[in-house]
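Tertiary structure, described
Residue strings, one per chain:
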Amino acid sequence: AQKVTQAQTEISVVEKEDVTLDCVYETRDTTYYLFWYKQPPSGELVFLIRRNSFDEQNEISGRYSWNFQKSTSSFNFTITASQVVDSAVYFCALSVGDMRFGAGTRLTVKP
Amino acid sequence: NAGVTQTPKFQVLKTGQSMTLQCAQDMNHEYMSWYRQDPGMGLRLIHYSVGAGITDQGEVPNGYNVSRSTTEDFPLRLLSAAPSQTSVYFCASSHPGSGANVLTFGAGSRLTVL
């Protein structure tokens, strides 16, 4: 069975702090895909990144970076120098055919 | 290009009433799915479809029916609404593939069952 755990329910930081959102997944499949989505206060779901199980390279996109470690079944997301606009709920998801989401982490960035 | 369109955006029902949440996409995506979002539980998969005429159950299918008569449309039916079905519902679509797909989501439909 597939499962995604986001243990951090809510995180609050002050602007310009770095913050890491944790994601741990479970699957018996060797081929799978991991995703992060952002849900800002307006409610839409925005795709951020996709990773396949054979690519453990970390990725950086501006202030965002992702650390994928198969050894610990983790796919963590770091925001560097956070901004108020980063305030949102962030979902990690695992796909083996269909996509299953974690419970989400609500990030609040205070000015 | 409208993407994924959901209607209605808001709906209030009484227990036992039936209704259909509509979902339409104009991207010629073969894969479509319905999720519900509840506080503290993330998004849970209700039903999905890999193409016209093909549907399957997700994590929480009870109380919901779907059909897929065209590539564009994937309606979600509540036959007898219950308060436990109060939630925000998202429809999503993607190109086919073996799990690699990036889902495009609709704006969501907020349903309240009294």
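What counts and how
Positions within a chain are numbered from 1, following the residues in the order the chain's sequence is written. Chain letters start at A and ligand numbers start at 1, both assigned in the order the entries are written. Residues qualify for local features only when their pLDDT is at least 70, as the model is predicted, and side-chain atom pairs are given and counted only at 80 or more; totals for whole chains, interfaces and linings, by contrast, use all residues. To get the side-chain values, all heavy atoms of the structure are used, and hydrogens and water are removed first. Residues count as neighbours in contact if any of their non-hydrogen atoms are within 4.5 Å of one another. For any pair of parts, buried area is found by adding up, for both, the accessible area (1.4 Å probe) each one loses once the two are put together. A side-chain nitrogen of Lys or Arg and a carboxyl oxygen of Asp or Glu constitute a salt bridge if their distance falls within 4 Å. What counts as a helix is a DSSP run of H or I of at least four residues, what counts as a strand is a run of E of at least two, and both are numbered from the N terminus. Here a polar contact is recorded for every N or O atom pair within 3.5 Å, except that within protein the pair must consist of a potential hydrogen donor and a potential acceptor, and residues adjacent in sequence are included only if both atoms are side-chain atoms. The rule is simple: take the accessible area with a 1.4 Å probe, protein chains only, and divide by the maximum for that residue type; under 20% is buried, over 50% is exposed, in between is partly exposed.

1. Observations concerning the interface of chain A and chain B
- Taken residue by residue, the interface counts 17 residues in chain A and 18 residues in chain B.
- A buried area of about 1500 Å², summed over both sides, lies between chain A and chain B, and 59% of it is on carbon and sulfur atoms.
- For chain A, the biggest contributors to the area lost against chain B are Leu45, Arg100 and Phe101 of chain A; these three give 30% of the whole.
- Where chain A meets chain B, there are one salt bridge.

2. Some details on the environment of Thr78 of chain A
Residues and elements named next belong to chain A.
- The topology assignment puts Thr78 in strand E9 (residues 74–79).
- Separated by 58 residues in the primary sequence, Thr78 and Thr20 place their C-alpha atoms 4.2 Å from one another.
- Discounting residues that sit within four places of it in the chain, Thr78 has contacts with Val19, Thr20, Arg63, Tyr64 and Ser65.
- There is a polar contact of 2.8 Å between the side chain of Thr78 and the side chain of Thr20.

3. Structural notes on the pattern of salt bridges
Residue and element names in this part refer to chain A.
- Under the defined criterion, the tally for this structure stands at seven salt bridges over all chains.
- Residues Asp55 and Arg51 are paired through a salt bridge, measuring 3.4 Å at the closest nitrogen-oxygen approach.
- Overall, the relative accessible area of 23% leaves Asp55 in the partly exposed class.
- Its salt-bridge partner being Asp86, residue Arg63 comes within 2.7 Å of it at the nearest N-O pair.

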